[in-house]
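Each chain, letter by letter, is given below.
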Amino acid sequence: MHLGKVTPILRIFDEAKALEFYVDFLGFKVDWQHRFEANFPLYLQVSLGECVLHLTEHHGDASPGAAVRIQAQGVDAYQQQLVGKDYRYAKPGVEETPWSSREMSIKDPFGNRLVFVEEGEG
């Protein structure tokens, strides 16, 4: 058996807030968007580097409050970039963990937690 990459699906409730957080603040780009018809829930893909996330307004697709660990390099520089944007709803910090990693945890406006993890030596 061979397993491929995983694409998390995160629940969102407001398109404008989702784009403000994921695109304007975190720096992801919108790869594509889908609605079955006008005034239907949005389903979209965003990405930053090799990280791909699906965001959905559809109530049956996912539950709010999920947590996703994202492997990263340059967490400290990314944290400084984010803090420099002075986003009203998140002021992330970097934490040194006992298991030899540096982690930056950020909650999106819908309660989903993104943890950017830079593995250290050990």
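Here is what the cut-offs are and how they apply
Residues numbered from 1 in each chain as written. Predicted model: local features only at pLDDT ≥ 70, side-chain atom pairs only at ≥ 80, totals over all residues. Heavy atoms only, no water. UniProt positions renumbered as here; feature names shortened; annotations may be inferred. Phe/Tyr/Trp six-rings, centres within 6.5 Å; stacked < 30°, edge-to-face > 60°. Buried < 20%, exposed > 50% of the residue type's maximum accessible area, 1.4 Å probe, protein only. Helix = DSSP H or I, 4+ residues; strand = E, 2+ residues; numbered from the N terminus. Contact = heavy atoms within 4.5 Å. Polar contact = N/O pair within 3.5 Å; in protein donor to acceptor, adjacent residues only side chain to side chain. Pairing = 2+ DSSP bridges. Axes fitted to C-alpha atoms, helices over the stretch in contact; angles between N-to-C directions.

The protein chain goes by Bleomycin resistance protein in an unreviewed UniProt entry, where it is assigned to Pseudomonas extremorientalis. Under the Sequence similarities (unreviewed entry) heading, UniProt states for the protein chain: "Belongs to the bleomycin resistance protein family."

Novice: Provide a residue-level description of the packing of aromatic side chains, including the pertinent values.
Specialist: Under the counting rule described, the total for this entry stands at 9 aromatic pairs. Here Y22 and F28 contribute two aromatic rings whose centre-to-centre distance is 6.1 Å and whose plane-to-plane angle is 85 degrees, an arrangement assigned as edge-to-face. Exposure class is identical for Y22 and F28. Each is buried. Considering the side-chain rings of Y78 and F116, the 5.3 Å spacing of their centres and the 75 degrees angle between planes classify their relative orientation as edge-to-face. Linking Y78 in helix α2 (residues 75-84) with F116 in strand β8 (residues 113-119), this pair joins segments that are 38 residues apart in sequence. Grouping residues by exposure puts Y78 and F116 together as buried.

Novice: Please provide a residue-by-residue account of the side chain of E57, values included.
Specialist: Its place among the elements puts E57 in the loop between β4 (51-56) and β5 (67-71). Excluding residues within four positions of it along the chain, E57 makes contact with R11, I12, F13, D14, E15, R35, P41 and L42.

Novice: Residues and numbers for the environment of Y22, please.
Specialist: By the element assignment, Y22 lies in helix α1 (residues 15-25). With 86 residues separating them along the chain, Y22 and D108 place their C-alpha atoms 8.1 Å apart. In contact with Y22, not counting residues within four places along its chain, are L10, G27, F28, L53, L55, D108 and L114. At 2.6 Å, the side chain of Y22 forms a polar contact with the side chain of D108.

Novice: How would you sum up the sheet that holds strand β3 (residues 43-48)? Please name residues and give values.
Specialist: One open sheet accounts for 4 strands, arranged β1-β4-β3-β2; its pairing is mixed. On the outer flanks of this sheet lie β1 (9-11) and β2 (29-34), each paired with one strand and no other. Shown here is a sheet whose adjacent strand axes are inclined to one another by a mean of 25 degrees, direction ignored. Inspection of the sheet shows β1 paired to β4 by 3 bridges, in the parallel sense. In the strand pairing of β4, I9 is matched with H54.

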